[in-house]
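The chain contents come next:
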Amino acid sequence: MSAVPERDSNEVAGERCSCRKARFNLRESFFALAVIVYLGNGNTIFALTMPLNIANRRVLSLTAPMAGRSSFRSSNRRRSRDVSTRIQSSRNPENLDASAASFDLPSSKQHPKWWNKCDAHGLSYDSALRALEAYHRNYGDLAIPGSFAVPATNEYPVEWHGVKLSLYIYNMKWWQRHISQHKDRVTQLNQLGFIWERLQPKWNLFMDGMAYYRNINGNVMVPASFVVPRHDDWPKACWDLQLGSIVQRLRVRHDFLTGENNAIKRKKQLDGLGFVWDVSEYNFVRFFRALRHFDRLKRENSSLRVPSKFVVPSGHENGWPPDMWDYPLGARCMAVRQKQLYVKNHPDRKQALEDIGFRPNGNAHRLGWLDVVHAAAIYSQMHGRVLNVPLSFAVPAPPRDAESNSQIMDSWPWPDRLWGLKLGQRLKDVRLKGAYMKGPDAHVRRAQLDNLGFVWHPKRGRRKRCIEDGDGEVGINDDSPCTTIMKTDYCQIQEY
């Protein structure tokens, strides 16, 4: 068996560094180097990209031995200096390397926004007029969007390629330099449909847009994505104005409100339009108003139990104010109960809703066992210790005309927090589904119902639909809330 020859320590270190260098070059080949190329006219600059090893014009060897980590780092620094030297030399058109020239240049039809950095204020009026005429031929007007950049086509002057046209044309500097002292040029621009109103500050354009939005929609709750449309209902000076974005920046960053004098003056202008600074508070107040109005109109049936699909009807005959028409009140109530909309981290709002009879916590509070057994106890006492509740029964609220009579309100047997509770449905769930009858308190709750005279197996058939008195019948439907009142209580209320 032949002995393995010993290897020199320098040879082993060199192989280790070669492996490290190979892994480094594989990662480095994915990076790109920007090479600046000047064309012959000196006006156009293009950026080309190529792998770094091509830019160095050499392919690094994967097997070249290196003495150690320090020599590898020093070689990397020398290579970086070598690359930067070549970039500096390539900026001279005479030293342009043929390998870089072989790359394809961008097409002239592209929008070169990123390479034309000239100051358009220094361009002549005749050149600007040719650019405006070209735009007018293509689009039929001079309502130039703020984001429009002149395309690199033969229709437009070369010096305007890549320039945002409206940024320089609709500017007071351009007007003072080229228009203010030349009346004949005003005539030329009028023939093209020049929009003189766009020369005013952007704040004035924003206020004009807000005023038109209020006249059209009746409020200034502008969506964040709203952009003024190109429509005859809007002034041309405001076309394509990002009105919603400006409104959001006003609320969040207080744009246009710099300076003490300007801030106070402009805030007064916005307040005069009804500008909403706190959208969350505005939405809650609107929801609260809708609930109170619903309570006034629907209280004869229940206390603020809004159907989930209820939408405020339109039309004055329904008794709702116009600003509430088509408001999805039912969906908002569901969102408040399930997602804590408007009331999350706002205990004062929760208390305000509870004060008018609305339960923000939803069924977990209204349909708790304590509420059910409380309502069942009152019903049992009013019906001779018999708890056989019709399925359609809901705890009634007092009649609307009884609100002004304190005696009736004081003698009303049902507390206001139980108004609208569907007791019949809850007790049916107890019979059929075992609702509230699970857990360690199940036997206690069953005993409570037994003490109240709960009928676990009710008889089938129709119920009596009237209350008989000694003098005759008092015709009352079982579905009516008054069927839950004892005969003596009913007669006492009728006397009042």
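Residues numbered from 1 in each chain as written. Predicted model: local features only at pLDDT ≥ 70, side-chain atom pairs only at ≥ 80, totals over all residues. Heavy atoms only, no water.

Points about the overall build of the chain
The test is simple: Strands here are runs of E lasting at least two residues and helices are runs of H or I lasting at least four, both read from the DSSP assignment and numbered beginning at the N terminus. By the convention used here, residues are in contact when the closest approach between their heavy atoms is within 4.5 Å. Calculation of accessible area relied on Shrake-Rupley with a 1.4 Å probe; when residues are assessed, cover is drawn exclusively from the protein chains displayed.
In terms of regular secondary structure, the chain is built from 20 helices and four strands. For the chain, long-range pairs separated by at least 24 residues make up 59% of all intrachain contacts whose partners lie at least 6 apart in sequence. Surface summary for the chain: the accessible area is close to 30300 Å², and the carbon and sulfur share equals 51%.

Some words on the pattern of salt bridges
Where charged atoms from two side chains of opposite charge come close, those side chains can pair. What counts here: A pairing counts as a salt bridge when a side-chain nitrogen of Lys or Arg comes within 4 Å of a carboxyl oxygen of Asp or Glu. A 1.4 Å probe rolled over the protein chains alone gives each residue an accessible area, and that area as a share of the maximum for its type sets the label: buried under 20%, exposed over 50%, partly exposed in between.
As enumerated under the stated definition, the model contains eight salt bridges in all. When the shortest N-O distance is used, the salt bridge between aspartate 255 and arginine 253 registers 2.8 Å. Judged by its relative accessible area of 19%, aspartate 255 is buried. Taking relative accessible area as the criterion, arginine 253 reaches 53% and is therefore assigned exposed. One salt bridge connects arginine 349 with glutamate 281, and the closest N-O pair in it is separated by 2.7 Å. Of the two residues, arginine 349 is situated in helix α14 (residues 347–355) and glutamate 281 in helix α12 (residues 279–298); the sequence distance between them amounts to 68 residues. In this structure, a network of salt bridges that share partners links the residues Asp141, Arg230 and Asp240.

A look at the packing of aromatic side chains
Two aromatic rings are characterised by how far apart their centres lie and by the angle between their planes. Our working definition: Here a pair means two rings of Phe, Tyr or Trp (six-membered ring of Trp) with centres within 6.5 Å. Their orientation is stacked below 30 degrees between planes, edge-to-face above 60, and tilted elsewhere.
What the rule picks out here adds up to 23 aromatic pairs. Pairing tyrosine 170 with phenylalanine 194 gives two aromatic rings, centres 4.7 Å apart and planes at 35 degrees, and the pair type is tilted. Of this pair, tyrosine 170 sits in the loop between α6 (165–169) and α7 (172–178) while phenylalanine 194 is found in the loop between α8 (183–192) and α9 (202–217), placing the two residues 24 residues apart along the sequence. Judged by relative accessible area, tyrosine 170 falls into the buried class, the value being 9%.

So, the side chain of histidine 161
Filter applied, for reference: Pairs of N or O atoms are called polar contacts if they sit within 3.5 Å, as long as, within protein, a hydrogen donor faces a hydrogen acceptor (for residues adjacent in sequence, only side-chain-to-side-chain pairs).
Mapping histidine 161 onto the fold places it in the loop between α5 (125–139) and α6. Separated by 3.4 Å, the side chain of histidine 161 and the backbone oxygen of proline 157 make a polar contact.

Describing the packing of α12 against α14
Spelled out, the test is: Fitted lines through C-alpha atoms give the axes, limited to the stretch in contact for helices. The angle between two N-to-C directions lies from 0 to 180 degrees. Under this scheme an angle from 65 to 115 degrees is roughly perpendicular, one under 35 degrees roughly parallel, and one over 145 degrees roughly antiparallel; angles in between are oblique. All residues other than Ala, Val, Leu, Ile, Met, Phe, Trp, Tyr, Cys, Pro, Asp, Glu, Lys and Arg, Gly among them, are scored as polar; the first ten of these are nonpolar and the last four charged.
Their axes nearest at 11 Å, the elements α12 and α14 cross at an angle of 10 degrees. When the interaxial angle is binned, α12 and α14 end up roughly parallel. The segment α12 lies against α14, with Ser280, Glu281, Phe284, Phe287, Phe288 and Leu291 engaging Arg349, Ala352 and Leu353. Looking at the contact of α12 with α14 residue by residue, the classes come out as six nonpolar, one polar and two charged.

Observations concerning the environment of phenylalanine 294
Looking at the secondary structure, you find phenylalanine 294 in helix α12. We classify phenylalanine 294 as buried; its relative accessible area is 5%. Through-space distance from the C-alpha of phenylalanine 294 to that of valine 306 is 8.1 Å; in sequence the pair is 12 residues apart.

Quick notes on unusual backbone geometry
Of note, the phi angle at aspartate 240 is positive, near 65 degrees, even though the residue is not glycine. Mapped onto the elements, aspartate 240 comes out in the loop between α9 and α10 (243–252).

Thoughts on the nonpolar core
Across soluble globular proteins, nonpolar side chains show a tendency to be buried alongside one another. Note the following rule: Each nonpolar core is a collection of buried residues, namely Ala, Val, Leu, Ile, Met, Phe, Trp, Tyr and Cys, held together in the definition by side-chain atoms within 4.5 Å.
Formed by 52 residues in total, the largest nonpolar core has its most connected members in Trp160, Leu165, Phe206, Met210 and Leu243. Here the element with the most residues in this core is α5; it accounts for seven residues. If you look at the next biggest cluster of nonpolar residues, it comprises 25 residues, including Ala375, Val430, Met437 and Phe454.

What to know about the side chain of serine 166
Note that serine 166 resides in helix α6. Within the structure, serine 166 has its side chain in polar contact with the backbone oxygen of proline 145 (distance 3.2 Å).

Comments concerning the environment of serine 180
With respect to the helices and strands, the residue serine 180 is situated in the loop between α7 and α8. A distance of 2.9 Å separates a polar atom in the side chain of serine 180 from the backbone oxygen of glutamine 176.

A few points about the packing of α12 against helix α13 (residues 329–339)
Just so we agree on the cut-off: Note on convention: near helix rotated counterclockwise from far helix by under a right angle means a left-handed crossing. Clockwise means right-handed.
Two elements in contact, α12 and α13, have axes whose closest approach is 11 Å; the angle formed by their N-to-C orientations is 115 degrees. α13 is crossed by α12, and the crossing has left-handed handedness. Two secondary-structure elements touch here, α12 through Phe287, Ala290, Leu291 and Phe294 and α13 through Leu329, Arg332, Cys333 and Val336.

Some words on the confidence of the model for the chain
Using the following cut-off: pLDDT measures how confident the predictor is about each residue, on a scale from 0 to 100.
Averaged over the chain, the pLDDT score is 74; the fraction of residues at 70 or greater is 65%. Low confidence marks residues 83–115, where pLDDT is under 50. Its contacts with residues over four positions away, or in another chain, come to 42 contacts. Counted against residues more than four places away or in other chains, residues 466–496, with its pLDDT under 50, gives 42 contacts.

Observations regarding helix α11 (residues 260–273)
Put simply, the test is: Residue count minus one, scaled by 1.5 Å, sets the expected span of a helix. This arc is taken over the directions from the axis of the helix to the C-beta atoms.
Its 14 residues give α11 an end-to-end C-alpha distance of 20 Å, which sits within 8% of 20 Å, the value for a rise of 1.5 Å per residue. Residues of α11 that are buried: Ala263, Arg266, Leu270 and Leu273. Down the axis of α11, the buried side of the element spans an arc of 85 degrees, and every buried residue falls inside it. Turned more than 90 degrees off the buried face of α11, the exposed positions are Glu260, Asn261, Lys265, Lys268 and Gly272. Looking at the buried side of α11, the elements it contacts are α9 and α10. Residue glycine 274 follows α11 closely and has a positive phi angle near 85 degrees.

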